[in-house]
Amino acid sequence: MVQDTEQQAPSVTPATPARVLLPSVLPAVAVGVLSSLILVGVSVAAEELQGVLWRTVPDALGVGRYSVAWMSVVLVATGVAVGLVVWKVPGHAGPDPATLGLDAPVLPPVVLPGLLLATALMLAGGPSLGPENPIIAVNVGLAVWLGGRALPRAPGRMWPALAEAATIGALFGTPVAAALVISEALARRETRGLLWDNLFAPLTAAAAGALTATLVDRPSFDLDLPSFGRPGWPDLLAALVVASAGALLGLCAVRSFPYVHGAFARLRHPMLMLPAGGAVLGALAAVGGHLTLFKGLDEIAELAHDPDARSAGEFAVLTVVKLAALVVAASCGFRGGRIFPAVFAGTALGLCAHALVSGVHPSVGVAAGVLGMLLAITRQGWVSLFVAAVLVASPGILALLCIASLPAWLLVTGRAQMQLRPDGTPVR
């Protein structure tokens, strides 16, 4: 009887001793600081170049900073510049960006300078992509290369995890986002030890990266929307409807992604693909205006500054144009990520819902729109919840978002996401 009881006792996952975790602290901090400085450095350089392209030069020429002609010229010129990098610089700025997600491959060192240059040019020139995917890839490659030389006995798989966590922490200014991304990644693979034992070193790197970015660059995602108090039944209904609408609209963009990518791939050469993409982006900017340019973070703040300044039709145009610009920019070869443009599209959708139905609180509309859009495009549930909540910075919104995520997830689960395999087929 005693033997049967012992056999039926549940197994306990052994914890990792502190003496095993402690040596990872210094490498994690080093990777965190370096990754954050690279992200901030590229962002600052891109902002300086952006000021030249979109203020200094047009003012000197006497043309409108965001006139249709100037937007088209700069976007096509950006396509030419990035195309030259992809064509001529050693390493060709890495693999096809449509095949890359947050879990970056380990690229050889020769690829990294060209990828950094292509990313900075893209950020400055106006295509609708963010810095996350290429900067994570650069930081992973650097961490593996430098870490393997500094600590050759350390497990090789440690460095990519540290670099990814550090970059995500620096992007959002908090290690919480990195912890959520890593937790989802760990759930998909077989691991040993307790969850927090596996999170210890990456979370240390994420904290170091977030703290460095906060001290150097002070990133902020709070849109300063009207305060949201205690949620009611109408708020719950609004969150369910807007999040589901965002998921469906995001799925439309995802559905079109392989076809648009295939159309640009038929041009075969980066000096054709990227300038053509710039020309299409110029045409979209002529419809949507300058707010649909760039990664979208500053533009989101401008939208949210006065939620009642635009009509529902204007917000709808901004939503559709930004999604189209995201699909085109990610398909034609520009190096960049998809999270920040998707956040802009979700924000515009939420404000469109508020403009259509005044009873939809702007904070509820924005948070739910961003949640649904990110779920469809990234298939990252925790990150989608986190970003949607942090934009509003209201505790009362969390319960609504958790409930609204359920029907939105039913719409997107099992479907393709906005990432392709090397053969051009969608990732599910």
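Remember, predicted model here, so these are calculated numbers, not experimental data.

Caption draft 1: Inspection of the side chain of Ser128 at higher detail. Here Ser128 is to be found in the loop between α5 (112-125) and α6 (132-150). Taking the relative accessible area as the measure of exposure, Ser128 reaches 1% and is therefore buried. Here Thr292 takes part through its backbone oxygen, which lies 2.8 Å from a polar atom of the side chain of Ser128. Excluding residues that lie within four positions of it along the chain, Ser128 makes contacts with Thr292, Leu293, Phe294, Lys322, Ala325, Leu326, Ala329 and Pro341.

Caption draft 2: Representation of the environment of Ala276 in the model. With respect to the helices and strands, Ala276 occurs in helix α11 (residues 270-288). When the C-alpha positions of Ala276 and Ala243 are compared, they lie 33 Å apart, and in sequence the two are 33 residues distant.

Caption draft 3: The arrangement of the pattern of salt bridges in detail. Enumeration according to the criterion identifies 1 salt bridge in this entry. In this structure, the salt-bridge partner of Arg65 is Asp59, at a minimum N-O distance of 2.7 Å. Residue classification places Arg65 among the partly exposed residues on the basis of a relative accessible area of 36%.

Caption draft 4: Quick peek at unusual backbone geometry. One non-glycine residue, Ala93, adopts positive backbone phi at about 60°. Position of Ala93 among the secondary structure elements: in the loop between α4 (68-88) and α5. Judged by its relative accessible area of 1%, Ala93 falls in the buried class. Here Arg379, not a glycine, exhibits a phi torsion of approximately 60°, which is positive.

Caption draft 5: Here's a closer look at helix α13 (residues 312-332). The terminal C-alpha atoms of α13 lie 30 Å apart, and with 21 residues this matches the ideal 30 Å at 1.5 Å per residue to within 8%. Looking at the residues trailing α13, positive phi occurs at Gly333, about 120°.

Caption draft 6: The arrangement of the packing of helix α15 (residues 362-378) against helix α16 (residues 381-392) in detail. α16 packs onto α15 with a crossing angle of 155° between their chain directions and a minimal axis gap of 8 Å. Taken together, the axes of α15 and α16 are roughly antiparallel relative to one another. The crossing of α15 and α16 is right-handed. Contacts from Ser363, Ala367, Val370, Leu371, Leu374, Leu375 and Thr378 in α15 reach Gly381, Ser384, Leu385, Val387, Ala388, Leu391 and Val392 in α16.

Caption draft 7: Representation of the layout of surface pockets within the structure. Space inside the second largest pocket adds up to approximately 530 Å³. What lines the second largest pocket is a set of 23 residues, and nearest its centre among them are Ser43, Glu47, Asp217, Lys295 and Leu297. If you list the elements that add at least two residues to the lining of the second largest pocket, you get α3 (25-61), α7 (158-172) and α12 (297-305). A total of 6 residues in the lining of the second largest pocket trace back to one element, the largest contributor, which is α3. Classifying every residue of the lining of the second largest pocket by side-chain character gives 13 nonpolar, 4 polar and 6 charged.

Caption draft 8: Geometry of empty space enclosed by the protein. The full count for this structure, using the stated rule, is 3 cavities of 30 Å³ or more. Estimates place the volume of the largest cavity at around 40 Å³. In terms of lining, the largest cavity is formed by Leu75, Gly126, Pro127, Ser128, Leu281, Leu284, Ala285, Thr292, Leu293 and Ala325. Looking at the lining of the largest cavity element by element, the count peaks at 3 residues for α11. Class assignment for the residues of the lining of the largest cavity results in 7 nonpolar, 3 polar and no charged.

Caption draft 9: Spatial organisation of the nonpolar core. Grouped together as the largest cluster of nonpolar side chains are 134 residues, with contacts concentrated most on Phe172, Phe334 and Val387. Among the elements that take part in this core, α13 stands out by supplying 12 residues, more than any other. When neighbours within four sequence positions are excluded, Phe334 is seen to be in contact with Thr78, Gly79, Val82, Pro97, Met122, Pro127, Leu129, Leu274, Gly278, Leu281 and Ala329.

Caption draft 10: Quick peek at the packing of aromatic side chains. Going through the model one piece at a time under the given rule, you end up with 4 aromatic pairs. Taking 5.4 Å as the distance between ring centres and 20° as the angle between the ring planes, the aromatic pair formed by Trp54 and Tyr66 counts as stacked. Taken as a pair, Trp54 in helix α3 and Tyr66 in the loop between α3 and α4 lie far apart in primary sequence, 12 residues in all. Taking relative accessible area as the criterion, Trp54 reaches 1% and is therefore assigned buried. Taken together, the ring pairs connect Trp54, Tyr66 and Phe294 into an aromatic cluster. The ring of Trp87 has Lys88 lying over it, and the distance from NZ or CZ to the ring centre is 4.1 Å.

Parameters at a glance
- Residues numbered from 1 in each chain as written.
- Predicted model: local features only at pLDDT ≥ 70, side-chain atom pairs only at ≥ 80, totals over all residues.
- Heavy atoms only, no water.
- Helix = DSSP H or I, 4+ residues; strand = E, 2+ residues; numbered from the N terminus.
- Buried < 20%, exposed > 50% of the residue type's maximum accessible area, 1.4 Å probe, protein only.
- Polar contact = N/O pair within 3.5 Å; in protein donor to acceptor, adjacent residues only side chain to side chain.
- Contact = heavy atoms within 4.5 Å.
- Salt bridge = Lys/Arg side-chain N within 4 Å of Asp/Glu carboxyl O.
- Expected span 1.5 Å × (residues − 1).
- Axes fitted to C-alpha atoms, helices over the stretch in contact; angles between N-to-C directions.
- Parallel < 35°, antiparallel > 145°, perpendicular 65-115°, else oblique.
- Left-handed = near helix turned anticlockwise from the far one by under 90°.
- 1 Å grid on protein atoms, 1.4 Å probe; cavity = no way out; pocket = protein on both sides within 12 Å on 5 of 7 lines; lining within 4 Å.
- Points joined across faces, edges and corners; volume = space filled by probe spheres on them.
- Nonpolar A, V, L, I, M, F, W, Y, C, P; charged D, E, K, R; others polar.
- Core = buried A, V, L, I, M, F, W, Y, C linked by side-chain atoms within 4.5 Å.
- Phe/Tyr/Trp six-rings, centres within 6.5 Å; stacked < 30°, edge-to-face > 60°.
- Lys NZ or Arg CZ within 6 Å of the ring centre and 35° of its normal.

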